[in-house]
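So the chains spell out like this:
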Amino acid sequence: MGARVARMWRNFNLENRVQREISREKPRAAPRHAAPVRHAAPVPRDAGSAGESAESLHQKNDPLLALLKSVYVESKDPEAAEAPKEVMAVGEAERRPLRFSLPGSSHSLVELTDIPKGKLTLTEALKALGSHQHQPQTWTPEKIAQEYCLDIRDTKALLEFFIPLQVHIIPPKTQSTKQIKGL
(Lines give C-alpha, C1' and ligand atoms only; values in the text may rest on other atoms or scores of the structure.)
Protein backbone atom coordinates (compact mmCIF):
# COMPACT_ATOMS: atom_id res chain seq x y z
CA MET A 1 0.00 0.00 0.00
CA GLY A 2 2.83 2.41 0.84
CA ALA A 3 4.50 1.82 -2.52
CA ARG A 4 1.33 2.81 -4.35
CA VAL A 5 1.09 6.10 -2.52
CA ALA A 6 4.75 6.86 -3.08
CA ARG A 7 4.46 6.04 -6.80
CA MET A 8 1.38 8.22 -7.07
CA TRP A 9 3.16 11.25 -5.57
CA ARG A 10 6.32 10.57 -7.58
CA ASN A 11 4.45 10.42 -10.89
CA PHE A 12 2.01 13.25 -10.05
CA ASN A 13 2.11 15.91 -12.76
CA LEU A 14 5.34 14.43 -14.11
CA GLU A 15 4.97 15.63 -17.70
CA ASN A 16 4.35 19.23 -16.66
CA ARG A 17 7.36 19.23 -14.33
CA VAL A 18 9.61 17.80 -17.07
CA GLN A 19 8.40 20.34 -19.62
CA ARG A 20 8.97 23.19 -17.17
CA GLU A 21 12.56 22.00 -16.48
CA ILE A 22 13.34 21.63 -20.18
CA SER A 23 11.99 25.07 -21.11
CA ARG A 24 13.83 26.79 -18.25
CA GLU A 25 16.66 29.08 -19.36
CA LYS A 26 20.01 27.40 -18.89
CA PRO A 27 22.60 29.13 -16.71
CA ARG A 28 25.36 30.87 -18.61
CA ALA A 29 28.92 29.63 -18.30
CA ALA A 30 31.38 31.80 -16.44
CA PRO A 31 33.62 33.91 -18.66
CA ARG A 32 37.03 32.44 -19.36
CA HIS A 33 40.16 34.03 -17.98
CA ALA A 34 42.09 35.97 -20.60
CA ALA A 35 45.18 33.95 -21.52
CA PRO A 36 48.38 35.62 -22.66
CA VAL A 37 48.76 35.65 -26.42
CA ARG A 38 51.52 33.26 -27.49
CA HIS A 39 50.92 33.23 -31.24
CA ALA A 40 51.97 36.01 -33.58
CA ALA A 41 48.62 36.14 -35.34
CA PRO A 42 45.28 35.53 -33.61
CA VAL A 43 43.46 32.43 -34.76
CA PRO A 44 40.00 33.25 -36.14
CA ARG A 45 37.20 31.09 -34.82
CA ASP A 46 34.78 31.03 -37.73
CA ALA A 47 34.02 27.89 -39.75
CA GLY A 48 35.80 29.05 -42.95
CA SER A 49 39.12 29.67 -41.24
CA ALA A 50 39.07 26.20 -39.70
CA GLY A 51 39.18 24.67 -43.19
CA GLU A 52 42.02 27.00 -44.16
CA SER A 53 44.10 26.03 -41.13
CA ALA A 54 43.51 22.34 -41.86
CA GLU A 55 44.72 22.90 -45.42
CA SER A 56 47.83 24.70 -44.22
CA LEU A 57 48.68 21.68 -42.09
CA HIS A 58 48.60 19.36 -45.09
CA GLN A 59 50.59 21.61 -47.45
CA LYS A 60 54.24 20.86 -48.11
CA ASN A 61 56.59 23.39 -46.49
CA ASP A 62 59.76 23.36 -48.65
CA PRO A 63 62.16 25.11 -46.21
CA LEU A 64 61.22 22.73 -43.39
CA LEU A 65 61.47 19.74 -45.72
CA ALA A 66 64.97 20.79 -46.80
CA LEU A 67 66.05 21.14 -43.16
CA LEU A 68 64.62 17.72 -42.36
CA LYS A 69 66.49 16.13 -45.28
CA SER A 70 69.75 17.66 -44.07
CA VAL A 71 69.51 15.82 -40.76
CA TYR A 72 71.50 12.59 -40.70
CA VAL A 73 71.28 10.20 -37.77
CA GLU A 74 73.87 7.52 -37.26
CA SER A 75 73.49 5.07 -34.42
CA LYS A 76 75.65 2.23 -33.20
CA ASP A 77 74.95 -0.38 -30.57
CA PRO A 78 77.35 -0.06 -27.68
CA GLU A 79 79.55 -3.05 -27.00
CA ALA A 80 78.37 -3.08 -23.38
CA ALA A 81 74.94 -4.26 -24.52
CA GLU A 82 76.40 -7.67 -25.41
CA ALA A 83 78.05 -8.13 -22.00
CA PRO A 84 74.83 -8.54 -19.95
CA LYS A 85 73.77 -11.45 -22.16
CA GLU A 86 76.99 -13.25 -21.28
CA VAL A 87 76.62 -12.38 -17.60
CA MET A 88 73.04 -13.65 -17.61
CA ALA A 89 74.11 -16.92 -19.22
CA VAL A 90 76.80 -17.37 -16.55
CA GLY A 91 74.34 -16.35 -13.78
CA GLU A 92 71.85 -18.99 -14.86
CA ALA A 93 74.53 -21.63 -14.59
CA GLU A 94 75.40 -20.64 -11.00
CA ARG A 95 72.88 -22.48 -8.90
CA ARG A 96 73.03 -23.95 -5.43
CA PRO A 97 71.22 -26.94 -3.96
CA LEU A 98 68.13 -26.33 -1.90
CA ARG A 99 68.98 -26.34 1.82
CA PHE A 100 65.55 -26.59 3.42
CA SER A 101 62.05 -27.25 2.15
CA LEU A 102 58.77 -28.13 3.74
CA PRO A 103 57.48 -31.63 3.25
CA GLY A 104 54.72 -31.35 0.69
CA SER A 105 52.05 -33.60 -0.64
CA SER A 106 52.38 -35.31 -3.99
CA HIS A 107 49.75 -32.93 -5.39
CA SER A 108 51.76 -29.78 -4.67
CA LEU A 109 53.75 -27.77 -7.18
CA VAL A 110 56.96 -29.01 -8.74
CA GLU A 111 59.60 -29.73 -6.12
CA LEU A 112 62.67 -27.53 -6.38
CA THR A 113 66.07 -29.17 -6.22
CA ASP A 114 68.27 -26.14 -6.82
CA ILE A 115 67.85 -22.36 -6.95
CA PRO A 116 70.00 -19.51 -8.32
CA LYS A 117 72.75 -18.12 -6.11
CA GLY A 118 71.73 -14.90 -4.40
CA LYS A 119 68.11 -15.98 -4.02
CA LEU A 120 66.14 -17.68 -1.27
CA THR A 121 62.94 -19.63 -1.14
CA LEU A 122 60.35 -18.52 1.37
CA THR A 123 60.95 -21.54 3.56
CA GLU A 124 64.71 -20.92 3.56
CA ALA A 125 64.16 -17.27 4.44
CA LEU A 126 61.89 -18.19 7.35
CA LYS A 127 64.37 -20.85 8.53
CA ALA A 128 67.27 -18.36 8.38
CA LEU A 129 65.27 -15.68 10.19
CA GLY A 130 64.14 -18.13 12.86
CA SER A 131 67.69 -19.39 13.39
CA HIS A 132 68.99 -15.83 13.71
CA GLN A 133 66.19 -14.92 16.10
CA HIS A 134 66.80 -17.90 18.40
CA GLN A 135 70.62 -17.96 18.20
CA PRO A 136 71.93 -14.56 17.06
CA GLN A 137 75.49 -15.30 18.22
CA THR A 138 75.89 -18.38 16.04
CA TRP A 139 73.70 -17.33 13.12
CA THR A 140 75.27 -13.95 12.30
CA PRO A 141 74.46 -12.13 9.05
CA GLU A 142 77.86 -13.18 7.68
CA LYS A 143 77.19 -16.87 8.38
CA ILE A 144 73.70 -16.70 6.84
CA ALA A 145 75.14 -14.96 3.75
CA GLN A 146 77.80 -17.65 3.41
CA GLU A 147 75.40 -20.53 4.08
CA TYR A 148 72.81 -19.44 1.49
CA CYS A 149 75.20 -17.78 -1.05
CA LEU A 150 73.77 -14.27 -0.52
CA ASP A 151 75.21 -10.78 -0.58
CA ILE A 152 76.05 -9.52 2.93
CA ARG A 153 74.19 -6.23 2.33
CA ASP A 154 71.04 -8.08 1.26
CA THR A 155 71.32 -10.40 4.26
CA LYS A 156 71.55 -7.49 6.70
CA ALA A 157 68.52 -5.86 5.05
CA LEU A 158 66.63 -9.16 5.25
CA LEU A 159 67.33 -9.50 8.96
CA GLU A 160 66.43 -5.87 9.64
CA PHE A 161 63.25 -5.45 7.62
CA PHE A 162 61.75 -8.93 7.20
CA ILE A 163 60.18 -9.86 10.53
CA PRO A 164 58.58 -13.30 10.76
CA LEU A 165 55.20 -13.73 12.39
CA GLN A 166 55.36 -14.33 16.12
CA VAL A 167 52.43 -16.02 17.83
CA HIS A 168 52.03 -15.46 21.54
CA ILE A 169 49.53 -17.67 23.34
CA ILE A 170 48.31 -15.99 26.49
CA PRO A 171 47.29 -18.53 29.14
CA PRO A 172 44.08 -17.89 31.08
CA LYS A 173 44.49 -16.06 34.41
CA THR A 174 42.59 -18.68 36.38
CA GLN A 175 42.42 -22.41 35.99
CA SER A 176 38.63 -22.44 36.13
CA THR A 177 37.66 -20.56 33.03
CA LYS A 178 34.03 -19.76 32.46
CA GLN A 179 32.51 -21.46 29.47
CA ILE A 180 29.19 -20.81 27.86
CA LYS A 181 27.15 -23.97 27.89
CA GLY A 182 24.80 -24.72 25.04
CA LEU A 183 21.06 -24.79 25.64
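Please read these numbers as outputs of a predicted model, since none were measured by experiment.

(A) Geometry of the overall build of the protein chain. Across its full length, the protein chain carries 8 helices and 2 strands. Listing each helix as α and each strand as β along the protein chain from the N terminus yields α-α-α-α-α-β-β-α-α-α. Looking at the 183 residues of the protein chain, the share that counts as buried comes to 11%. Long-range contacts, defined here as pairs at least 24 residues apart, represent 38% of the contacts in the protein chain between residues at least 6 apart. Put simply, the protein chain shows about 17800 Å² of open surface, and 59% of that area lies on carbon and sulfur atoms.

(B) A look at a nonpolar patch on the surface. Together, Val-5, Met-8, Trp-9 and Phe-12 make up an exposed nonpolar region whose accessible area comes to about 480 Å². Following the sequence through the fold, Trp-9 ends up in helix α1 (residues 2-11).

(C) Geometry of the packing of aromatic side chains. Taken as a whole and assessed by the stated rule, the structure comprises 0 aromatic pairs. Residue placement shows Lys-143 over the ring face of Trp-139; its charged tip is 4.5 Å from the ring centre.

(D) Here's a closer look at α1. Among the 10 residues that make up α1, 0 are buried, leaving the element largely open to the surroundings. Among the residues trailing α1, Asn-13 stands out with phi positive, at a value near 55 degrees.

(E) Local environment of the side chain of Glu-124. Among the structural elements, Glu-124 can be located in helix α6 (residues 122-134). At 2.7 Å, the side chain of Glu-124 forms a polar contact with the side chain of Arg-96.

(F) Seen up close, the nonpolar core. Ranked by size, the top nonpolar core spans 8 residues in total: Ala-128, Leu-129, Trp-139, Ile-144, Tyr-148, Leu-150, Leu-158 and Leu-159. Those elements that provide at least two residues to this core are α6 and α8 (152-161).

(G) Representation of the side chain of Thr-155 within the structure. Assignment of secondary structure puts Thr-155 in helix α8. Excluding residues within four positions of it along the chain, Thr-155 makes contact with Pro-141, Ile-144, Ala-145 and Leu-150.

(H) How the structure looks around the pattern of salt bridges. In this structure the tally under the stated criterion is 4 salt bridges. Between Arg-95 and Asp-114 there is a salt bridge, with the nearest N and O atoms lying 3.1 Å from each other. Linking Arg-95 in strand β1 (residues 95-97) with Asp-114 in strand β2 (residues 114-116), this pair joins segments that are 19 residues apart in sequence.

(I) Structural view of the confidence of the model for the protein chain. Averaged over every residue, the pLDDT of the protein chain is 77; residues scoring 70 or more account for 70%. When mean pLDDT is taken per element in the protein chain, helix α7 (residues 141-147) scores highest with 93 and helix α5 (residues 83-93) scores lowest with 54.

(J) Region of interest: unusual backbone geometry. Backbone geometry places Asn-13, a non-glycine residue, at a positive phi of 55 degrees. Assignment of secondary structure puts Asn-13 in the loop between α1 and α2 (14-23). The class of Asn-13 is partly exposed, set by a relative accessible area of 34%. Within the chain, Cys-149 stands out as a residue other than glycine whose phi angle is a positive 55 degrees. Relative to the elements of secondary structure, Cys-149 occurs in the loop between α7 and α8.

Rules used in this analysis
For every chain, the first residue of the written sequence is number 1, and numbering continues from 1 onward in sequence order. Only residues with pLDDT of at least 70 are given local features in this predicted model, and only at 80 or more are side-chain atom pairs given and counted; all residues enter the totals for whole chains, interfaces and linings. Heavy atoms from the whole structure form the basis of all side-chain values; hydrogens and water molecules are not counted. Secondary structure elements are taken from DSSP: a helix is a run of H or I of four residues or more, a strand is a run of E of two residues or more, and numbering for both begins at the N terminus. With a 1.4 Å probe rolled over the protein chains alone, any residue whose accessible area is under 20% of its type maximum counts as buried; one over 50% counts as exposed, and the rest are partly exposed. Here a residue-residue contact requires only that any non-hydrogen atoms of the pair lie within 4.5 Å. Throughout, the Shrake-Rupley method with a 1.4 Å probe supplies accessible areas, and for residues the shown protein chains are the sole cover considered. Patch building starts from residues that exceed 30% relative accessible area and form no salt bridge, then joins like charges within 9 Å and nonpolar side chains (Val, Leu, Ile, Met, Phe, Trp, Tyr) within 5 Å. Salt bridge, as used here: a side-chain nitrogen of Lys or Arg that lies within 4 Å of a carboxyl oxygen of Asp or Glu. Working definition: rings of Phe, Tyr and Trp (its six-membered ring) pair if their centres are within 6.5 Å, and the pair is stacked with planes under 30 degrees apart, edge-to-face with planes over 60 apart, and tilted otherwise. Look at NZ for Lys and CZ for Arg. If either is within 6 Å of the ring centre and within 35 degrees of the ring normal, a charge sits over the ring. Polar contacts, as counted here, are pairs of nitrogen or oxygen atoms within 3.5 Å of one another; within protein the pair requires one atom able to donate a hydrogen and one able to accept it, and residues that are adjacent in sequence qualify only if both atoms are side-chain atoms. What is meant by a nonpolar core is a set of buried Ala, Val, Leu, Ile, Met, Phe, Trp, Tyr and Cys residues, joined one to another through side-chain atoms within 4.5 Å. For every residue, the predictor states its confidence as a pLDDT score lying anywhere from 0 to 100.

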